[in-house]
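Survey of secondary and tertiary structure
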Amino acid sequence: MKTLRLSALDAETPFIAAELIRRGELVAIPTETVYGLGANGLDETAVAKIFEAKGRPQDNPLILHICGSEQMALFCHDIPEIAYTLAETFWPGPLTMVLPARDCVPRRTTGGLSTVAVRCPDNAVTREIIRLAGVPIAAPSANLSGKPSTTTAEHVLHDHDGKIAAVVDGGACRVGVESTIVDLTEDRPRLLRPGGITPEQLTAVLGDLVIDKAVTAQIDKDAVVKAPGMKYRHYAPAEPVTIVSGSREKAAAYIRRHFTPGDRVLCFEEELPLYAGCNPLAYGREADVNTLSAGLFSALRELDDPKIHQVYARCPVGGGVAYAVQNRLKKAAAFHIVDAEAEV
Ligand code: AMP
Ligand code: MG
């Protein structure tokens, strides 16, 4: 199959992409978070193609992308008032809500769950495609399963050229990490995945937020969890990644002591001079965490190379968007973290 590369700037693009979605084809769509691998979320056969193209486990659910909060009730039931308040506050934007699913949503889309994740992305062209298609677009990140997510059309083509009908090129994604996911189906709202909408922003609206343990620790592969996707290996380049925490100087001393040829260092721009001779790659500025979230997946993809033995990575500290960056980097490192301050 020849994969069409459609420009988001071209007025024809939403019509072509929407028609492909209606026909049950796969179309990669730009969003403010990452590129999604989209299909008609109500068509089981179309959705099955997403799992096949990505090599994604069947029990790992997808997010339904809708073009406004008025569509929530079409696919969800027993929607609490707070869901509408969150939508009003953060949509269009990087917030996904988990709600009870209506029967029209195939279990293939929800990974077999009775709940469905919904989100309204902050990309006008993508919302127009959803509107014209007349169906919600189910989409996970457009990477191959387990690999770092896709934040440019080039990343999507690298993983799926010739296997999908089209990619809509909307340039590099602004946020760069996937949406924040909050589960509203239990007594208390629960954060399942941190993202561009921060825990602090959510708590300000919700007054309460439980952080799921999958956010902060490795989940056993046999564990029964709320969202099966939380237990799979994620975002990982080919080689092992070790996060080195601690001050700039102590971390650099630790890494330089352990560095051997064939290793790489993933660091902040401010730290590049400390790693001369260690083949460093900067993913953004520590002083501006948005550059770190925007640059993380491109950098992890560049480091996805079997010739590299080991990556030493520096991770931002603190809350806000840094919390989401920490989560992705810790998962890429399979929670392998050394504290340079504790090393003698
Ligand atoms: P991706 O963004 O590629 O990881 O795919 C969507 C993610 O949304 C999944 O990995 C799940 O973590 C999450 N998700 C989707 N649907 C649900 C659901 N019904 N309940 C909980 N989490 C979900
Ligand atoms: Mg993903």
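Structure's up top.
What you see is a predicted model, and the numbers here were worked out from it, not measured in a lab.

Remark: helix H1 (residues 13-22) packs on helix H5 (residues 124-133), axes separated minimally by 8 Å, with the N-to-C direction vectors making an angle of 50°. When the interaxial angle is binned, H1 and H5 end up oblique. Like other packed secondary-structure pairs, H1 and H5 cross with a definite hand, here right-handed. Touching Pro14, Phe15, Ala17, Ala18, Ile21 and Arg22 of H1 are Val125, Glu128, Ile129, Leu132 and Ala133, all from H5. Along the lines of polarity and charge, the residues of the contact of H1 with H5 split into nine nonpolar, no polar and two charged.

Relative to each other, helix H10 (residues 289-302) and helix H11 (residues 321-332) sit at 20°, their axes nearing to 9 Å. The angle between H10 and H11 places the two elements in the roughly parallel class. In terms of crossing hand, the pair formed by H10 and H11 is left-handed. Residues Val289, Asn290, Leu292, Ser293, Leu296, Phe297 and Leu300 of H10 pack against Val321, Ala322, Val325, Arg328, Leu329 and Ala332 of H11. Within the contact of H10 with H11, the residues separate by chemical class into ten nonpolar, two polar and one charged.

As a further point, take the sheet that holds strand E15 (residues 310-313). Sheet architecture is open: five strands sit in the order E14-E13-E15-E12-E16, paired in parallel fashion. Only two strands of the sheet have a single neighbouring strand rather than two, namely strand E14 (280-282) and strand E16 (337-339). The mean angle between the axes of side-by-side strands here comes to 25°, regardless of whether they run parallel or antiparallel. Pairing of strand E13 (residues 263-267) with E15, which is carried by four bridges, proceeds in the parallel orientation. In the sheet register, Val265 faces E15, and the bridge partner there is Tyr312.

Definitions and cut-offs
Residues numbered from 1 in each chain as written. Chains lettered and ligands numbered in written order. Predicted model: local features only at pLDDT ≥ 70, side-chain atom pairs only at ≥ 80, totals over all residues. Heavy atoms only, no water. Axes fitted to C-alpha atoms, helices over the stretch in contact; angles between N-to-C directions. Helix = DSSP H or I, 4+ residues; strand = E, 2+ residues; numbered from the N terminus. Parallel < 35°, antiparallel > 145°, perpendicular 65-115°, else oblique. Left-handed = near helix turned anticlockwise from the far one by under 90°. Contact = heavy atoms within 4.5 Å. Nonpolar A, V, L, I, M, F, W, Y, C, P; charged D, E, K, R; others polar. Pairing = 2+ DSSP bridges.

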